[in-house]
Amino acid sequence: MTFDQLANAFVTLLVIVEPVAVVPLFLGLTEGFDAAQRRQAALRAAAVAFAILAGSALVGEWLLAKLGITLPAFRVAGGLLLFSIAFEMVFARRTERKYGTMSEALARDRIRNIAAFPLAIPLLAGPGAITATMLLAGQTGGDPGRLAALIAIVAAVMAISFLCLALAHRLAGMIGITGNAVLSRLLGVVLAALAVQFVADGVAQLVAATRGA
C-alpha cells in the first residue's frame, strides 16, 4: 500500500472508532474500579476489538462472496452507513446513542465483562468500524503484504484506543466537554468526506461492471 493509502486507512479507522469520545463512557462504566482494574479492562477491550476487526479484514471478502454480494455494492452500502455515522457525530447524536448503550450494559450486567460489551462491541469495534475494515480490505486486492499492512493499522488504532482509555482521567480533564464536542464534529466532517469517496468509488465500479456486461 502507498503512503496515501495507509494514511487514508488509518484516518478512516481512527475517526470511526473515535477513542477520545469513548473516554467519558469508559469512566462511567468503570466507576469504582482502581487504576489497575481500569488498565486491565482497557487492554482487554482493545484486544477483543482488534480480533474482531482483524477477522473482518481477513474473512470479510470471503463472507461477502458466499452471500453473493459484490464488493462495489458493499462499498456503496458501507459508504452510506459511514455517512450516517458522520451525520450523528456532527449533530451530536452518536454520543447520546453510546450513552444509551452504556446504560443498558450497567442495568444488565452491573459492569461485569464490560471489556467485551459494550467497550469492545459496539463502542470500539462497532458496525461502522467493521464495515470500514472490510471496505479497506477489499482495496488490498487480496495481496498478503497490503493485508498485513491493514492489520498493522488496525493494531495501531487499537493501541491508541488503549492509551486513551488507560489515560481516561487525564484526557477527560484536558479536553473538557466543549473540546470533546468540537473534536467530535470536526472528525464527523472528515468521516463524511471519506464516506462520499467510498460511495463514489463503488458507484463507478458498479457502472463499469454493468457496461462491461
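The residue numbers shown here count from 1 along each chain, following its written sequence. In keeping with the model being predicted, local features are shown solely for residues with a pLDDT of at least 70 and side-chain atom pairs are shown and tallied solely at 80 or more, while totals for entire chains, interfaces and linings include all residues. Side-chain metrics in this entry use all non-hydrogen atoms of the structure; hydrogen atoms and water are not considered.

All right, on to the side chain of Ser 161 then. The topology assignment puts Ser 161 in helix H8 (residues 144-166). Should any heavy atoms of two residues lie within 4.5 Å, those residues are counted as being in contact. Setting aside anything within four residues of it in sequence, one finds Ser 161 in contact with Val 17, Pro 19 and Leu 124. To qualify as a helix, a DSSP run of H or I must reach at least 4 residues; to qualify as a strand, a run of E must reach at least 2; elements of each kind are numbered from the N terminus.

Here the focus is the side chain of Ser 56. Positionally, Ser 56 belongs in helix H3 (residues 35-67). Apart from the residues within four sequence positions on either side, Ser 56 is in contact with Ile 130, Thr 133 and Met 134.

Throughout this description, the term nonpolar core refers to a set of buried Ala, Val, Leu, Ile, Met, Phe, Trp, Tyr and Cys residues connected via side-chain atoms within 4.5 Å. Throughout, exposure labels follow a simple rule: accessible area from a 1.4 Å probe, protein chains only, divided by the maximum for the residue type, with under 20% read as buried, over 50% as exposed, and the rest as partly exposed. If you look at the biggest cluster of nonpolar residues, it comprises 54 residues, and the most contacted ones within it are Leu 82 and Leu 119. Where this core is concerned, the elements lending two or more residues are helix H1 (3-17), helix H2 (19-29), H3, helix H4 (71-90), helix H6 (115-124), helix H7 (127-138), H8 and helix H9 (168-212). When neighbours within four sequence positions are excluded, Leu 82 is seen to be in contact with Ile 16, Gly 128, Ala 132, Leu 135, Leu 191, Ala 195 and Phe 198.

For Glu 18, which is not glycine, the phi dihedral falls at a positive 50°. If you trace the backbone, Glu 18 turns up in the loop between H1 and H2. Here Glu 18 falls in the buried class, since its relative accessible area comes to 4%.

End to end, H8 covers 32 Å across 23 residues, agreeing with the expected 33 Å (1.5 Å per residue, within 8%). Restricting attention to buried positions, one finds in H8 the residues Leu 147, Leu 150, Ile 151, Ile 153, Val 154, Val 157, Met 158, Ser 161, Cys 164 and Leu 165. Distance and chemistry together define a polar contact, namely a pair of N or O atoms within 3.5 Å, with one atom able to donate a hydrogen and the other to accept it when in protein, and with adjacent residues in sequence counting only for side-chain atoms on both sides. Backbone nitrogen of Gly 145 and a side-chain oxygen of the N-cap are separated by 3.2 Å at the start of H8; the cap is Asp 143. The span expected for a helix works out to 1.5 Å for each residue beyond the first.

In short, geometric facts, not functional conclusions.
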